[in-house]
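# Observations on the three-dimensional arrangement
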Amino acid sequence: MQKSSAKLLNNPYGQATFDLFRHDQRAFADKSLMIKNLDDPAMSRYPVLLRPRRFGKSTFVRMLKCYYDLSYKDRYDELFSGTKIYEENLESHNSYHVIDIDFSSVSTNSRKNLVNSFFIAITDSIDDFKLRYPDFEFDYSDLDKSDSAVLLTEFTKAYRKYAQKQNLYLLIDEYDNFANEILSSNLELFQNIISQDGFLKSFYSAVKNQANKTIAKTFITGVSSVSLDSLTSGFNIADNVTDDKCFNEYAGFTEEELKDLIPQLVDVKALGVSVKEIIDRMKNVYDGYLFSPEAKHTVFNSSMCLYYLNKVKKKRKFLNPEDYLDPACDRDGYKLDQIFKLTQKDIVDDIIDTYLRDDVFYLKKLSQNINLNKADEYYQEQVLSILYYLGYLTINKINKEGSSDDELNLTVPNRYMSQLFRQCTINLKLKKNISFSKPEINLEPLLNNKTDISSFADSCTEFLSSIMNNQVLLHMNENALNLALYAKLSNPKNNCIVEMEKALKICGKGEKFADLVIIVNKNKTNECIYLFELKYLTRTEASAKDNENNLKQLISKASLQVSEYKNAMDFKDKDVKAYVMIFAGPECIYCKMQ
């Protein structure tokens, strides 16, 4: 590692306080030019913009508050000089009274606490408004704490007397956070709060009523459209602009933004790598999100990037991004499981099969509003839309020719999301099936550092025969083969470390991915790494007339791959035994050390 005296800025990970970024010397991506889109006369005055969790939506909302609110007028130069919007010199800056409501902390443990904490979230915003405008008077102490619609109505009445004009800008952040949490645990309560008689519809009906009198504009963020039916049935002038091209990059980081951010956050020279090398390593794990079919550029998960770069700075090492995933995303896998539990079984099977085939997910039309009061389970259009909104799937950059404007091809955006699908497949399709549980794989030759692993290969054949004969998975292919073996071998009782599609640094060739890596006797004097390149043929392919030549080509290709992986920088000074294993159906027909 080279020495360097680079002066770095502080990392904004976990911070949404745009007004403090410069004071605290924090780096940030300049998203300010998006304000021009909001100010465009052709744009709805009541837009709704949805993005997955941890993409920087709250920071964007705080920026809007600082830009539009009259109370920040004296700080306009301090907060926005040097930004892209500052150069535009728009008349809209600091021209509204802004009230911003954040529903991210609403309690979900009971209906009573939910309703009360929803009310409190609004009063917190009113209190903040009163601090910024000390001459504004409004007392809500005698109001019914279960009626947020009345609270908003009374506040706007007081505001109209105060301002004498329709000049209130309402910002709502995380409109659906609490609803999504409830959906994961209590479908009955969820259906109650989003029903026609639920308090959510009443609240947004009050917003609509005041849009005709007091509220000049609104801006609403959230994650999914599951609760949007309640919002739009009450506030039916709201416009879901989630997939508008102009907003594709409003949240998350573009590659160009990372090129600017990385040198501000980590000492690139001291690490001995280039900014491009860091981005290339992050790309497979954090990038790939596209929110408009017309957009050209994908975006990275911003929270993931900032968490990783913070670790790189602290450890002063060029780390593997897959080993440093933002802990705030720990529940993503659980939520995917919950979505599938609310989905018809045959649809879940089809989604898993599409994932294992590494194919696209066809969506005839994105569901703008999803109402679970009309059904207890998602149908295909709904579940694929939900997976898109939550970031588990994203728009494929290449839509097939001839597709209509509404049709979408969706894909898994990156390796992090692929890992979640992988684990979900293991939980739903493999672990609960007796055909998966019964046959054991013989690890004895690996645990004893042997080079002859034929008994291991034979036991893999027995295990896979059980899987395939009982149709545990709809179809078998190379991905499914790899996943089935990984799931079986990664049992903690096996006393080894198993990794699937392990990222490896290959000198001069960047990053490559090994199918299966098994580490035995970790950190002991007899530690050994078994490296496998797996190939799969169907029984039909294996019995074809030209099979012998095809098999030789397959062996040659796999041998070159595994030899390359064996020399990865990750395995420097390690005892590595590399093998090619080729399966025809469930049978291992070739297993040799390279």
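Structure shown above.
Reference entry: report on the structure contained in this document. It should be emphasised that the depicted structure is a prediction, and the values quoted were computed from it without experimental measurement.

Here we come to the pairing of strand β4 (residues 215-222). Within a regular beta strand, the side chains point alternately toward one face of the sheet and then the other, so they alternate between its two faces. A large share of β4 lies buried, amounting to eight of its eight residues. The pairing of strand β1 (residues 47-50) with β4 spans three bridges and is parallel. Each bridged residue has a counterpart across the sheet, and for V48 the counterpart in β4 is I220. Relative to β4, strand β3 (residues 168-173) runs parallel, the two being bridged by five bridges. In the strand pairing of β4, L171 is matched with F219.

What follows deals with the pattern of salt bridges. For the structure on display, the rule yields 33 salt bridges. Across the pair K283 and D287 runs a salt bridge, and its minimum N-O distance is 2.8 Å. Where salt bridges share partners, they join K65, D69, D100, D128 and R132 into one cluster.

When we look at burial in helix α12 (residues 255-265), the residues that qualify are E257, L258, L261, I262 and L265. Axial view of α12: buried residues confined to an arc of 125 degrees, hence all on one face. Exposed side of α12, more than 90 degrees from the buried face: E256 and D260 are the residues found there. Of the surrounding elements, those touching the buried residues of α12 are α13 (268-271), α14 (275-286) and α15 (302-315).

Another aspect to go through is the sheet that holds strand β11 (residues 528-537). Reading across from one edge, β9-β10-β11-β12-β13 is the order of the five strands in this open sheet, with mixed pairing throughout. Each end of this open sheet is capped by a strand with a single partner; those strands are β9 (496-506) and β13 (587-593). Adjacent strand axes in the sheet meet at a mean angle of 35 degrees when their direction is disregarded. Bridge analysis of strand β10 (residues 510-520) against β11 gives five bridges, and the strand direction is antiparallel. Directly across from I519, in β11, lies its bridge partner I529.

Turning to its location among the elements, I589 is positioned in strand β13. Linking I589 and F155, residues 434 residues apart in sequence, is a C-alpha distance of 75 Å. When sequence neighbours within four positions are dropped, the list of residues in contact with I589 reads L537, L551, I582, F583 and A584.

Following the sequence through the fold, I278 ends up in helix α14. Of the residues examined, I278 reaches a relative accessible area of 2% and is grouped as buried. C-alpha separation for the pair I278 and L309, spaced 31 residues apart in sequence, amounts to 9.3 Å. Other than its neighbours up to four places away in sequence, I278 contacts I262, V266, V268, L271, V273, Y308, L309 and F318.

Calculation notes
Residues numbered from 1 in each chain as written. Predicted model: local features only at pLDDT ≥ 70, side-chain atom pairs only at ≥ 80, totals over all residues. Heavy atoms only, no water. Buried < 20%, exposed > 50% of the residue type's maximum accessible area, 1.4 Å probe, protein only. Helix = DSSP H or I, 4+ residues; strand = E, 2+ residues; numbered from the N terminus. Pairing = 2+ DSSP bridges. Salt bridge = Lys/Arg side-chain N within 4 Å of Asp/Glu carboxyl O. Arc of directions from axis to C-beta. Contact = heavy atoms within 4.5 Å. Axes fitted to C-alpha atoms, helices over the stretch in contact; angles between N-to-C directions.

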